[in-house]
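Residues per chain are reported as follows:
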Amino acid sequence: MAATLTASMKLLKPKEIERVFELLAEANPAPATELESLNVYTLLVAVVLSAQMTDRGVNRATGPLFAIVSTPEAMLALGEEGLKGYIKSVNLYPTKARHIIALSRILVDRFGGKVPGTRDELESLPGVGRKTANVMLNVAFGQTTMPVDTHLMRLAPRAGLSAGTKPREMEDDLLRMVRARFLRVSHQLLLLHGRYVCTAYNPKCDTCCIASLCPKNGVAD
């Protein structure tokens with residue numbers, strides 16, 4: 001059965017949270033995004049496409065696309081209808097195609113064809129909200145941000161890392177509680193653990209590296 005939360009769920013103490021990340025880092029010493037990209041621009045395209053999609057599904061679509069498109073100029077030359085032909089397997093592809101063409105135009109006109117590296121500039125682009133901006137700032141620009149996706153929304157409360165019920169609450173909790181030495185990679189550590197171990201259904205508690213620290217009242221048999 002799926003692991004569930006209880007109203008009295010225990011939150012871990014700071015030392016316990018530090019140990020959680022030590023164990024996660026030992027189990028996965030080089031965590032990285034599973035979205036495939038060629039450069040910062042194609043990473044942005046992949047992240048925009050990843051909303052309500054699996055990384056694997058995005059990669060199937062972007063493999064052929066990135067074989068011919070690696071810059072905003074090339075994307076504009078392809079055009080919206082051309083882009084749709086490559087990404088029609090992606091959820092919400094008409095809207096995403098419109099956003100990608102629009103943001104590509106802005107990158108060319110306002111940013112010299114380069115993806116900007118500040119939150120305000122990123123969030124000014126069509127289809128780029130706080131989570132996408134956080135991913136770009138973290139993965140492409142090495143900043144200590146905390147993108148909160150469905151995996152983190154499930155895992156963080158279940159593991160006693162945050163009581164937040166909204167993405168921004170959880171983001172602020174985790175940024176405050178995670179020690180500086182883990183902040184750069186903490187998002188990827190949690191995301192990958194949630195994707196492959198602490199899954200929504202039938203979490204692999206018997207092989208989980210942080211099982212000894214996980215609040216027992218946060219997991220249903």
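These numbers were taken from a predicted model, which means no experiment stands behind them.

(A) View of the overall build of the protein. Scanning the protein for helices and strands turns up 10 helices and zero strands. Scanning the protein from its N terminus toward the C terminus, one meets helices and strands in the order α-α-α-α-α-α-α-α-α-α. Computed over its C-alpha atoms, the radius of gyration of the protein comes to 19 Å, within 12% of the 17 Å expected for a compact globule of 221 residues. Its C-alpha atoms give the protein principal-axis dimensions of roughly 55 × 35 × 30 Å. Looking at the protein as a whole, 47% of its 221 residues are labelled buried. Summarising the internal contacts of the protein: among those between residues at least 6 apart in sequence, 64% fall at separations of at least 24. Roughly 10,600 Å² of accessible area belongs to the protein as shown, and the carbon and sulfur atoms make up 55% of that amount. Charged side chains of the protein number 27 positive and 21 negative; the gap between the two group centres comes to 2 Å.

(B) Region of interest: the state of the cysteines. The full count for this structure, using the stated rule, is zero disulfides. Considering cysteine sulfurs only, Cys208 is the nearest to Cys209, which forms no disulfide, with 5.3 Å between them. Of all cysteine sulfurs in the structure, the one in Cys198 sits closest to Cys214, which takes part in no disulfide; the separation is 6.3 Å. When its relative accessible area of 17% is taken as the criterion, Cys214 is described as buried.

(C) Main features of the environment of Arg19. Among the structural elements, Arg19 can be located in helix α1 (residues 14-27). Considered as a pair, Arg19 and Asn39 are 20 residues apart in the sequence and their alpha carbons are 34 Å apart.

(D) Main features of the nonpolar core. Tyr41, Leu44, Met75 and Leu125 are the most contacted members of the largest nonpolar core, which has 34 residues in total. Within the residue set of this core, elements represented by two or more residues are α2 (40-49), α3 (55-66), α4 (72-87), α5 (93-111) and α7 (130-140). Per-element accounting of this core gives the leading share, eight residues, to α2. Not counting the four nearest positions on each side in its chain, Met75 is found in contact with Tyr41, Val45, Leu65, Val69, Leu83, Ile100, Ile101 and Ser104.

Criteria and cut-off values
Residues numbered from 1 in each chain as written. Predicted model: local features only at pLDDT ≥ 70, side-chain atom pairs only at ≥ 80, totals over all residues. Heavy atoms only, no water. Helix = DSSP H or I, 4+ residues; strand = E, 2+ residues; numbered from the N terminus. Rg over C-alpha atoms; globule rule 2.2 N^0.38 Å. Buried < 20%, exposed > 50% of the residue type's maximum accessible area, 1.4 Å probe, protein only. Contact = heavy atoms within 4.5 Å. Areas by Shrake-Rupley, 256 points an atom, 1.4 Å probe, with all protein chains shown as cover. Lys, Arg positive; Asp, Glu negative; His and termini not counted. Charge placed at Lys NZ, Arg CZ, Asp CG, Glu CD. Disulfide = S-S within 2.5 Å. Core = buried A, V, L, I, M, F, W, Y, C linked by side-chain atoms within 4.5 Å.

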